[in-house]
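# What the coordinates show
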Amino acid sequence: MLNSINAFAQNQIKGRVTASSDKQPLPGVSVNVKGSQKGVSTDVNGNFVIQAGPRDVLVFTAIGFANQQVTVGDRTEINVVMKDESQNLKEVVVIGYGSISRDKLTNAAVSVKADEFRQGGARNAMDLLQGKVAGLNITRSSNNPNSGVSLQLRGVTSVEGSRSPLIVIDGIPGGNLDLLQQDDIESMDVLKDGSAAAIYGTRANGGVILVTTKKGKEGPARFDYSTYFRTESVVKKYDFMTAEEVRAAIAAGQLPANRDNADWGGASTNMFDEVVNDNPVSQYHNLALSGGTKSTSYRASIFFQDLKGIAKESGRKNYGGRLNINQKGLNDRLSAQINLATNFNTANMLGNSLNWETAYTRLPTQPIYNANGTYWEDLTTTSSNNLVSVLNQQSNNRTQQTSSADAKFTLDIVKGLKASVFGSLQRDSYTDNVYYDINSRASVAGTITPEGGRNVVPRGTGYAFKGNRMENDYAFEPTIDYSTRIDDHSINGIVGYSYRYNVWETSGMANSGYFNDQYDNNNMGAGMYQQSDASSMQSEKQDNTLIAFFGRINYSFKDKYMAQVILRREGSSRFGANNKWGNFPAVSVGWNISREDFMQGVSFIDFLKLRAGYGVTGNSGYANYTSLITLGTGGFYLYPDGVWRQTYGPDRNPNPDLKWEEKRELNIGVDFNLFQNRIGGSLDVFSRKTVDLLGTVQNQLPSYITERLFYNIGTIAQSGVELSVNATPVKKKDFTWSMDVTASTVSNKMDKYSSPQFRTSDLSFGSIGGAGALGDAIRTREGDDIGNFVGKRFAGFDDAGNWLFFKRDGSRVTADQIIMSPTDPNTDLAVLGNGIPNYYASWTNTFNYKSFDLRIFLRGKFDFDILNRMEMTYGNKTTSSNLLTSTFTRHAQLNSSDSPAYMYSDYFLESGDFVKIDEITLGYNFKLKTPHVKNLRVYATGQNLATFTSYTGNDPDFVNDNGLDPGMDIRNPYPATRSFLVGIQVGF
């Protein structure tokens, strides 16, 4: 009885609360007896006094610090050291149809804020994420102002379906990246695993990137202006022979005499230099206005961007704006958010569509101009190898407008219960205009094949083409959201409906027979070939509909144990009649280990969370109507009545069983903060498998209508590890050094690509092209890694300079003795390498000293191979155009005209490993003693400053390493560039 009374006796408990970082007392800390209304706060010295019993639990809470719970027991004095809670633990991560704080996140999701973006003036919004998200591979083929980026998250997920992440901009699914300017973006959140992305169903197989733009906020009106000017130069040139070197090689008997000609007048030219801009200057301007009251806020921005390419006649001008309005009413129970955005752009695409292979390889002994000032042309060919004449006698332009409008209305029905409705429209339209002057080589030679494929022989007359495309995307999504907290239990749930409709149409017309160039392509009917039925026209229209019901529940107990459950049921018009609907479930759990009592004495761990998730997503990213039988035209035929009529017939096999690709993914991860939050990060291990892989198979006739069928046939798998670490090695009064590191590795395998009905021995990708009809370089068999180079193994040259290769038994033979069939069990072909990097890494260092800031960004790709197709073709004496100088050094032994000249083997396969100093930015923040200027920063940035690699071809960073044909360097790359820019950011 006495022990029971003592257990409930109230004692005076005193103590002191200090911070773990500097051991200083913490005033204002709330000290509460758990489960009661009893509580006090610490004084200015961090002291407190409270009445509590032996069984009571004291809860210590303070902003910026991790909560602590202490059981009183028989103590009368309790001193507590509170750990700093890293600000990023309270960062909000957007997870689709909602958000959650990082400490409660149970999925593999990453949030990148605006101050973490790259600083070098983005050509595309996705450039801002380069190297910031482990597992997200962003590949750009060039710095062409009219090119985009290739995105791939966690490996190759499909053969013929979409492999890119879904882009969602302010809730608009399939958001257009042309509507994003770097100064208008607040954050980008990447949903990497299936347990996070399942909320988006069949569009989320490649992951999801959620873009949140900047919004209006309560406060006084302000203006923010940002600008930069950038210049760039060619960073690397191929080492082709000069005119002097060609003539010297002819004199030495190393090259035939036809590489020079007396009629050419002893010319010495460099076509590459003729078509390249010298230090082009691009510019960007963005002016934003924002402000508002408690009930109404706004943000509006306008921008102008003029991108100049390193190629002449290559550029892009963008101008437009973005408007956000937020309004509250009904005593703040009703809120509305409206966003409008538009982008007008004009693009000169002639320079980037040049035959850059000709620019590199045209004989430097050939002139550019005739003696009379006209353009010199090689009359032995029907196409022009004088790119100067192409740039001056042809045009290729696009005018485009992209716009979006969205609105969301939210009503607070009762406490914790909200109903919302969201709607959006996105419209993209453009017009392409092409014209060839009457004096252009293509017109004079009569070799133009206009759009539509009908061969027109204009014979000295002009040619015009005009094409149009318009696409509309509609979305409508009502949702109901409920949140509540009951004691230690926190629950949030959302249910919703999604309707999306996409429709696009194209049209095009081509005509020739223009006897002057006055009309350009603005009077398509003026060409004489319309009367002779040699003009062409075409049009097309397609649409698709997607409908879904979805729900998600998040549960948390004591903020230590979390769980999330998702279910989306989705139907698509693209699916077959027997598989119109699919279910996409997901579940994930999290455990905040650092909040357990047994962790309170572990001083170096500030935060530690274990999470695991499993989710199912789908892929409906394939062509419309593929499950249906469709009609196509068969050409015009003369009927018995003497009239020519179009014929029609089925051109696609129906497949009523066609369904989505389904990816099943398991992810296990750890989030951590250590050593007083000086080190933080996350580690993820994942395994995913895509089943019902879509592919085109060959079938028998009959009973099928055509020879090919789109069919669910295969299985593809990936597994990998991703690491992200942020650290602050030095933090002083005036100096801070912080760093971010990302690293990832992924394995891609083709588990299966057959079915009981259809069998495919292997798949081939990566056409080598060029001379020699060498076929494909990459083959993928069941059970093999994706991206394998398969071919002959180089064994040297014989005394005459003939190629030698290894047979499977190790003997050295000439090419004609190699068994080339990949399906022959005795084949001599072997796996030579792989074009997908095994490892990706990036390292960002940021130094702040007083008002100066310096950011150095490095990244690299490791353990992969590149097929150097430029060396394969132009390092060979039998090539009739200009040659690489390596022909007479590195490839000097290749000297026999008896041997097949062009060969694909590992002789031309090189390591693609590289480390790149990708970006260095130096900035200065002025501290002006005036109330009129809120901030002023000037900065300078250098991009693509240095690349450390043994690869001898193009910049390996511009060689595609995504998809099914990675590591294939091209022979006509747009020139790689290094750029420098200066910029200003000012707010007032």
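Residues numbered from 1 in each chain as written. Predicted model: local features only at pLDDT ≥ 70, side-chain atom pairs only at ≥ 80, totals over all residues. Heavy atoms only, no water.

Let's shift gears to the sheet that holds strand E13 (residues 166-169). Pairing in this open sheet of five strands is mixed, and the strands run E10-E15-E16-E13-E14 from one edge to the other. At either margin of the open sheet sits one strand with a lone partner, and together these are strand E10 (109-113) and strand E14 (172-173). By the bridge criterion, four bridges tie E13 to strand E16 (residues 208-213) in an arrangement that is parallel. Looking at the pairing, Ile169 lines up with Val211 of E16. (Pairing = 2+ DSSP bridges. Helix = DSSP H or I, 4+ residues; strand = E, 2+ residues; numbered from the N terminus.)

Moving on: the nonpolar core. Core analysis: the largest hydrophobic core is formed by 37 residues, its most contacted members being Val159, Met750, Phe789, Trp803, Leu867 and Tyr904. Of all elements in the fold, only strand E33 (679-698), strand E34 (708-731), strand E35 (735-753), strand E36 (762-767), strand E37 (776-781) and strand E40 (803-806) reach the threshold of two or more residues within this core. The element best represented in this core is E34, accounting for four residues. Ignoring any residue separated from it by four or fewer positions in sequence, one finds Leu867 in contact with Ile768, Ala777, Phe789, Met872, Tyr904, Phe908, Leu909, Tyr951, Gly967, Met968 and Asp969. Counting 22 residues, the second largest nonpolar core, distinct from the first, contains Met271, Phe272, Val276 and Ile310. (Core = buried A, V, L, I, M, F, W, Y, C linked by side-chain atoms within 4.5 Å. Buried < 20%, exposed > 50% of the residue type's maximum accessible area, 1.4 Å probe, protein only. Contact = heavy atoms within 4.5 Å.)

A common way to state how big an interface is: give the accessible area lost once the parts meet. Domain annotation of the protein identifies domain 1 (11-82) and domain 2 (92-220). Put simply, the middle of domain 1 and the middle of domain 2, counted by C-alpha atoms, are 42 Å apart. (Domains from an automatic or database assignment.)

Look at the UniProt record and you will see "domain: TonB-dependent receptor plug" (unreviewed entry) annotated at residues 106-208. Taken end to end, residues 106-208 has its terminal C-alpha atoms 16 Å apart, with 4% of it in helix and 26% in strand. (UniProt positions renumbered as here; feature names shortened; annotations may be inferred.)

Let's shift gears to the sheet that holds strand E39 (residues 793-797). Across the sheet, which stays open at both edges, the three strands sit in the order E39-E40-E41 with antiparallel pairing between neighbours. A single partner strand is all that each edge strand has here, and the edge strands are E39 and strand E41 (812-813). Across two bridges, E40 lies against E41 in antiparallel orientation. The residue bridging Phe806 from the neighbouring strand is Arg812, located in E41.

With that settled, consider the pairing of strand E6 (residues 68-71). Alternating residues of E6 divide into Gln68 and Val70, all buried, and Gln69 and Thr71, none buried. Taken together, the four bridges between strand E5 (residues 57-61) and E6 define a ladder with antiparallel strand orientation. Following the sheet pairing, Phe60 is matched in E6 by Gln68.

Turning our attention to the environment of Pro54. Within the secondary structure, Pro54 sits in the loop between strand E4 (47-52) and E5. Classification of Pro54 by relative accessible area gives partly exposed; the value is 22%. Pro54 sits 18 residues away from Val72 along the chain, and the two C-alpha atoms are 5.1 Å apart.

This next bit is on the packing of aromatic side chains. Within this structure, the stated rule accounts for 40 aromatic pairs. Where Trp737 meets Phe847, the ring centres are 5.7 Å apart and the plane angle is 20°; that geometry is what we call stacked. Here the residue Trp737 occupies a position in strand E35, and Phe847 occupies one in strand E43 (residues 839-849), the gap between them amounting to 110 residues. Residue classification places Phe847 among the partly exposed residues on the basis of a relative accessible area of 22%. (Phe/Tyr/Trp six-rings, centres within 6.5 Å; stacked < 30°, edge-to-face > 60°.)

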